[in-house]
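# What the coordinates show
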Amino acid sequence: MNGYRNSGSSVAVQMRSTIHPPTFVEYEGLRFLIADAPSDNNLIHYIKSFEEYNVTDVVRVCEPTYNVAPLEERDIRVHDWVFGDGEAPPTQIVSEWLNLVNRRFSQKCSDETKRPTIACHCVAGLGRAPVLVAIALIEAGMSALDSVSFIRERRHGAINNRQLKYLESYKKRPKPFPCVIC
């Protein structure tokens, strides 16, 4: 016997809430929280982390595992951009992701307590979510391999070989030209 008494689902929820805590990744003013998929039973633990880091958006890249109402009640927007487990994201999702990143981080905020963070999760928080964060880091100027190392230092086991090859071949979006007429 391991010394734990199972008195019902609350023990499982308490243990579940600490198995893979969300991982904070910050670079050049970009702030992300990489997580595994919450459930209705443990969502409150994720919400505490989301509030601690001022999460404004949750990007869900796996099938839904929880009701979004508790997040929406706290003005946290949930974006469902599901793509295959272990796969690279489709172009449309990359575009939507980068548009969200640009919207959230385009304005500098000197007040640390009000700086936004985007949370991103997949089932285990090791593949799809870290790949999207790596893409944002690449767009911010980090090399592909450095972005993977940066994330893996914080979230061990993140990004599989197929996703690594995708990131190595990823091409940054061209920057829009400034308006010369304005």
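Keep in mind it's a predicted model, so treat the numbers as computed, not measured.

## Comments concerning the sheet that holds strand 5 (residues 117–121)
Strand order in the open sheet formed by five strands is 1-2-5-3-4, with mixed pairing between adjacent strands. Edge positions in the sheet fall to strand 1 (23–27) and strand 4 (77–80), since each of these pairs with one other strand and no more. Pairs of neighbouring strands in the sheet enclose a mean axial angle of 20°, with direction left out of account. Note that strand 3 (residues 55–60) and strand 5 share five bridges and pair parallel. Following the sheet pairing, V59 is matched in strand 5 by C120. Of the strands in this sheet, strand 2 (30–35), strand 3, strand 4 and strand 5 touch helix 4 (residues 91–105), which is tilted by about 155° from strand 5. Where helix 5 (residues 128–139) meets the sheet, it contacts strand 1, strand 2, strand 3 and strand 5, and its direction lies at approximately 165° from that of strand 2.

## Description of the packing of helix 4 against helix 5
Where helix 4 meets helix 5, the closest approach of the two axes is 10 Å, and the angle between their N-to-C directions is 60°. Looking at the two axes, helix 4 sits oblique to helix 5. Crossing of helix 4 over helix 5 shows right-handed handedness. Of the residues in helix 5, those touching helix 4 at I93, V94, W97, L98 and V101 are L132, V133, I135, A136 and E139. By residue class, the composition of the contact of helix 4 with helix 5 is nine nonpolar, no polar and one charged.

## Structural notes on the state of the cysteines
Using the criterion set out here, one finds zero disulfides in the structure. We note that C122 lacks a disulfide partner, and the nearest cysteine sulfur, in C62, lies 6.5 Å from it.

## What to know about the pairing of strand 5
Here is the key point about a regular strand: its side chains alternate between the two faces of the sheet. The element strand 5 is extensively covered by neighbouring structure, given that five of its five residues are classed as buried. In strand 5, alternate side chains face the same way, and those of T117, A119 and H121 on one face and I118 and C120 on the other are all buried. Sheet analysis places strand 2 next to strand 5, joined by four bridges and oriented parallel. Each bridged residue has a counterpart across the sheet, and for L33 the counterpart in strand 5 is A119.

## What about the layout of surface pockets?
Estimates place the volume of the largest pocket at around 300 Å³. Forming the boundary of the largest pocket are 15 residues, of which V101, N102, E139, A140 and K175 lie nearest the centre. By residue number, the principal contributor to the lining of the largest pocket is helix 4, which donates four residues. Here the residues of the lining of the largest pocket sort into eight nonpolar, two polar and five charged.

## Re unusual backbone geometry
Phi at E28 is positive, roughly 50°, even though this residue is not glycine. Considering the arrangement of structural elements, one finds E28 in the loop between strand 1 and strand 2. The backbone of I159 sits at a positive phi, close to 70°, despite the residue not being glycine. Its place among the elements puts I159 in the loop between helix 6 (144–154) and helix 7 (161–169).

## What about the pattern of salt bridges?
When their charged atoms lie close together, side chains carrying opposite charge are able to pair. Considering all chains together, one arrives at nine salt bridges under this definition. Among the salt bridges present, the one from R154 reaches E153, with a minimum N-O distance of 3.3 Å. For E153, a relative accessible area of 56% gives the class exposed. Overlapping salt bridges bring together E26, R31 and R115 as one network.

## Some remarks on the pairing of strand 2
The buried fraction of strand 2 amounts to six of the six residues, a majority that puts the element mostly inside the structure. Burial along strand 2 is two-sided: the residues L30, F32 and I34 and R31, L33 and A35 are all buried. Bridge analysis of strand 1 against strand 2 gives five bridges, and the strand direction is antiparallel. By the bridge assignment for strand 2, Y27 is matched with L30.

Procedures and definitions
Residues numbered from 1 in each chain as written. Predicted model: local features only at pLDDT ≥ 70, side-chain atom pairs only at ≥ 80, totals over all residues. Heavy atoms only, no water. Pairing = 2+ DSSP bridges. Helix = DSSP H or I, 4+ residues; strand = E, 2+ residues; numbered from the N terminus. Axes fitted to C-alpha atoms, helices over the stretch in contact; angles between N-to-C directions. Contact = heavy atoms within 4.5 Å. Parallel < 35°, antiparallel > 145°, perpendicular 65-115°, else oblique. Left-handed = near helix turned anticlockwise from the far one by under 90°. Nonpolar A, V, L, I, M, F, W, Y, C, P; charged D, E, K, R; others polar. Disulfide = S-S within 2.5 Å. Buried < 20%, exposed > 50% of the residue type's maximum accessible area, 1.4 Å probe, protein only. 1 Å grid on protein atoms, 1.4 Å probe; cavity = no way out; pocket = protein on both sides within 12 Å on 5 of 7 lines; lining within 4 Å. Points joined across faces, edges and corners; volume = space filled by probe spheres on them. Salt bridge = Lys/Arg side-chain N within 4 Å of Asp/Glu carboxyl O.

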